[in-house]
Amino acid sequence: MAEAETGITGKLETKPASGWTRVWRGLTKFVIAAAIAYSMAAGYMYLNQRSFVFVPSGDLVAPEDKGLQNVSVETVEMADGTTTTVWTAAPAEDGLPTVIYFHGNSSNLSGRWQRFKMILDSGYGLYAPTYRGYAGSEGSPSETAIISDALEHFDRAAAAGTPIIVHGESLGTGVATAVAAERPDAGLLVLEAPYTALVDMAFESYPWLPVGLLMKDPMKTRERIGKVETPVLIIHGTEDSIIPVAHGERLFEYASDPRELLIVEGAGHGDLWKRGLWDTVREKWNGKQP
């Protein structure tokens, strides 16, 4: 009787992964997914960051439609050919100053008409440019572009020979400070609800992002204000939910004398004018005159 041949007919067995291996694989997948999500979020913020900083809206109406009968609308061509719109009015009397007004990041010049009326009712002149990309102006806004434009606007306004008050509102405080740092012949710098830097604001809002590397327009007012030789008046509200009052307080520490800080109890970001800001500016201007 012949013996049957014998051989190995069984399949190789695969050992199940250990618990630690499964955990490691799961953790690796999670880290990769998180890295992809983080990169996408960072990329989105980088590509769209200027839409968070510069928020133009609305149409630019005629000044007379807001009761500003003596305000002229001028189209001013910048050095690179970009045209911007400026609302202007001469002082009512010789010796009175002109206020160069750099507005905030939203809306347009039309939204500030009540403030402009208070300036004009005081007999002061007005020179209010609108930023690139905002209603009435061509181009796209950036820190470099709007500061370059602002310096041109200052020189144009100063050529009339009147004393100059440089006023910055919110976003415009960084612009106004940059101008005053380069133009020491300004008579007074007024900063309404200022920030130490846009990059500081971004870090406070997005601490999980490397904003120092991503920010195209850091607008470091804290580095510029120490170069300002003209008197500085900083006004900030304790209930400001847009730019915390701590920014105004810190910026005051960076400023050189002569400087003054006015903290308005209970005031928010947009109601400082209703709480006496303009009266304070006039008192400051009159007090500094010989």
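Residues numbered from 1 in each chain as written. Predicted model: local features only at pLDDT ≥ 70, side-chain atom pairs only at ≥ 80, totals over all residues. Heavy atoms only, no water.

(A) Local environment of the overall build of the chain. A tally of helices and strands in the chain yields nine helices and 10 strands. Computed over the C-alpha atoms, the radius of gyration of the chain is 28 Å, more than 25% above the 19 Å expected from 2.2 N^0.38 for a compact globule of 290 residues. The C-alpha extent of the chain, read off along each of the three principal axes, is 135 × 40 × 30 Å. For the chain, with 290 residues in total, the buried portion stands at 45%. Sequence separation of at least 24 residues holds for 73% of the intrachain contacts in the chain that already meet a minimum separation of 6. A total of about 15200 Å² of accessible surface is found on the chain, and carbon and sulfur atoms cover 54% of it. Here the chain contributes 25 positive and 36 negative side-chain charges, whose respective centroids are spaced 8 Å apart. (Helix = DSSP H or I, 4+ residues; strand = E, 2+ residues; numbered from the N terminus. Rg over C-alpha atoms; globule rule 2.2 N^0.38 Å. Buried < 20%, exposed > 50% of the residue type's maximum accessible area, 1.4 Å probe, protein only. Contact = heavy atoms within 4.5 Å. Areas by Shrake-Rupley, 256 points an atom, 1.4 Å probe, with all protein chains shown as cover. Lys, Arg positive; Asp, Glu negative; His and termini not counted. Charge placed at Lys NZ, Arg CZ, Asp CG, Glu CD.)

(B) Just the packing of helix H3 (residues 143-158) against helix H4 (residues 171-182), in detail. Put simply, H3 and H4 touch, their axes get as near as 9 Å, and they point 55 degrees apart. With respect to H4, the element H3 is oriented oblique. Here the hand of the crossing between H3 and H4 comes out right-handed. Together, Ile146, Ile147, Ala150, Leu151 and Phe154 of H3 and Val175, Ala178, Val179 and Glu182 of H4 make up the contact between the two elements. For the contact of H3 with H4, the residue count by class is eight nonpolar, no polar and one charged. (Axes fitted to C-alpha atoms, helices over the stretch in contact; angles between N-to-C directions. Parallel < 35°, antiparallel > 145°, perpendicular 65-115°, else oblique. Left-handed = near helix turned anticlockwise from the far one by under 90°. Nonpolar A, V, L, I, M, F, W, Y, C, P; charged D, E, K, R; others polar.)

(C) Local environment of the confidence of the model for the chain. Looking at the chain, pLDDT values average 92 and 93% of them are 70 or higher. Within the model, the stretch residues 1-10 combines pLDDT values under 50 with zero contacts to residues more than four positions away or in other chains. (pLDDT = per-residue confidence, 0-100.)

(D) Spatial organisation of H3. A rise of 1.5 Å per residue sets the reference length of H3, with its 16 residues, at 22 Å; its end C-alpha atoms lie 22 Å apart and thus fit the reference within 8%. Considered for burial, the residues of H3 that qualify are Glu143, Ala145, Ile146, Ile147, Asp149, Ala150, Leu151, His153, Phe154 and Ala157. (Expected span 1.5 Å × (residues − 1).)

(E) Molecular detail of the side chain of Thr98. In this structure, Thr98 sits in strand S4 (residues 98-102). Note on Thr98: relative accessible area 6%, which makes it buried. Apart from residues lying up to four places away in sequence, Thr98 is in contact with Pro91, Gly125, Leu126, Tyr127, Thr162, Pro163, Ile164 and Ile165.

(F) Seen up close, empty space enclosed by the protein. Applying the stated criterion to the full structure yields one cavity of 30 Å³ or more. The volume enclosed by the largest cavity comes to roughly 60 Å³. Lining the largest cavity are Thr84, Phe102, Pro129, Thr130, Tyr131, Arg132, Ile146, Asp149, Ala150 and His153. Grouping the constituent residues of the lining of the largest cavity by class yields five nonpolar, three polar and two charged. (1 Å grid on protein atoms, 1.4 Å probe; cavity = no way out; pocket = protein on both sides within 12 Å on 5 of 7 lines; lining within 4 Å. Points joined across faces, edges and corners; volume = space filled by probe spheres on them.)

(G) Spotlight on the sheet that holds strand S10 (residues 259-264). Strand order in the open sheet formed by eight strands is S2-S3-S6-S4-S7-S8-S9-S10, and the pairing between neighbours is mixed. The open sheet has two edge strands with one neighbour each: strand S2 (72-77) and S10. Sheet twist, expressed as the average angle between the axes of neighbouring strands with direction ignored, equals 20 degrees. Relative to S10, strand S9 (residues 232-237) runs parallel, the two being bridged by six bridges. Residue Gly237 lies in a different strand from S10, and its bridge partner there is Val264. Taken strand by strand, helix H2 (residues 113-121) contacts strand S3 (83-89), S4, strand S6 (125-129), strand S7 (164-169) and strand S8 (188-192), and its axis lies near 155 degrees from that of S6. (Pairing = 2+ DSSP bridges.)

(H) Fine view of the nonpolar core. One finds Phe102, Val166, Leu171, Leu189, Leu191 and Ile225 to be the most contacted residues of the largest nonpolar core, which totals 48 residues. In this structure, Leu191 is in contact with Gly168, Thr173, Ala176, Thr177, Ile225, Val232, Leu233, Ile234, Ile235 and Leu251, ignoring residues within four places of it in sequence. (Core = buried A, V, L, I, M, F, W, Y, C linked by side-chain atoms within 4.5 Å.)

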